[in-house]
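Residue strings, one per chain:
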Amino acid sequence: MPVYKELGRCALLLCFVLLNSASEEPEQPDPQHKPVRLFTENDLSTYNGEKDEQPIYMAVKGTVFDVSAGREFYGKGAPYNALAGKDSTRAVAKMSLDPADLTHDTAGLTEDELKSLDDIFENVYKKKYPIVGYTARRILNEDGSPNSNFKPDDQPQFSIKDEF
């Protein structure tokens, strides 16, 4: 039985990569656009793909991406809509759409799942979708004070100075 589970996981990963690489070149962000913003869970939830006129955001590893260019994947009724409007780090790592995995929490992930997360974060999300901000959990300490260890992510179409 574990072989079938692994094959299913591999098939889901392949579909995920193919679907996310199927569209044209990523949209280049407007040079006037300042992408950094702090998102609370409530803020992020409003960008869940349910409204056609609104952008679609999702977070991975506390980094919020504008995945609107992939509306056919993340929009209302689309295959990955469950990931939109939240920090879906665990779900991306596990290649899962299980509601219990739609969280930032990475506790208990296997080494392979963590490697998969890093690979997808770097080679899909950071390369394809613009960073529009970070979750409050990533920028702030639990007491609400600024996290002095916070460092913004590099992204091919932005320089750090453009983000701040």
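Residues numbered from 1 in each chain as written. Predicted model: local features only at pLDDT ≥ 70, side-chain atom pairs only at ≥ 80, totals over all residues. Heavy atoms only, no water.

1. Re the packing of aromatic side chains
Per the counting criterion, the structure on display carries nine aromatic pairs. Taken together, a centroid distance of 5.6 Å and an interplanar angle of 40° make the contact between F65 and Y125 tilted. With a gap of 60 residues between them, F65 in strand β3 (residues 63-66) and Y125 in helix α5 (residues 111-128) connect regions that are remote in the sequence. For the pair shown, F65 and Y125 are each scored as buried. Measuring from ring centre to ring centre gives 5.9 Å for Y125 and Y129, while their planes differ by 35°; the resulting arrangement is tilted. With relative accessibility at 0%, the residue Y125 sits in the buried group. Taken together, F65, Y74, Y80, F121, Y125 and Y129 form an aromatic cluster joined through their ring pairs. The ring of F121 has K61 sitting right over it, with the charged end atom 4.6 Å from the ring centre. (Phe/Tyr/Trp six-rings, centres within 6.5 Å; stacked < 30°, edge-to-face > 60°. Helix = DSSP H or I, 4+ residues; strand = E, 2+ residues; numbered from the N terminus. Buried < 20%, exposed > 50% of the residue type's maximum accessible area, 1.4 Å probe, protein only. Lys NZ or Arg CZ within 6 Å of the ring centre and 35° of its normal.)

2. As for the pairing of strand β4 (residues 131-135)
Across the five residues of β4, five count as buried, placing the element largely inside the fold. Note: strand β1 (residues 38-39) against β4, two bridges, orientation parallel. By the bridge assignment for β4, L38 is matched with Y134. Here β3 pairs with β4 via three bridges, running antiparallel. Directly across from T63, in β4, lies its bridge partner Y134. (Pairing = 2+ DSSP bridges.)

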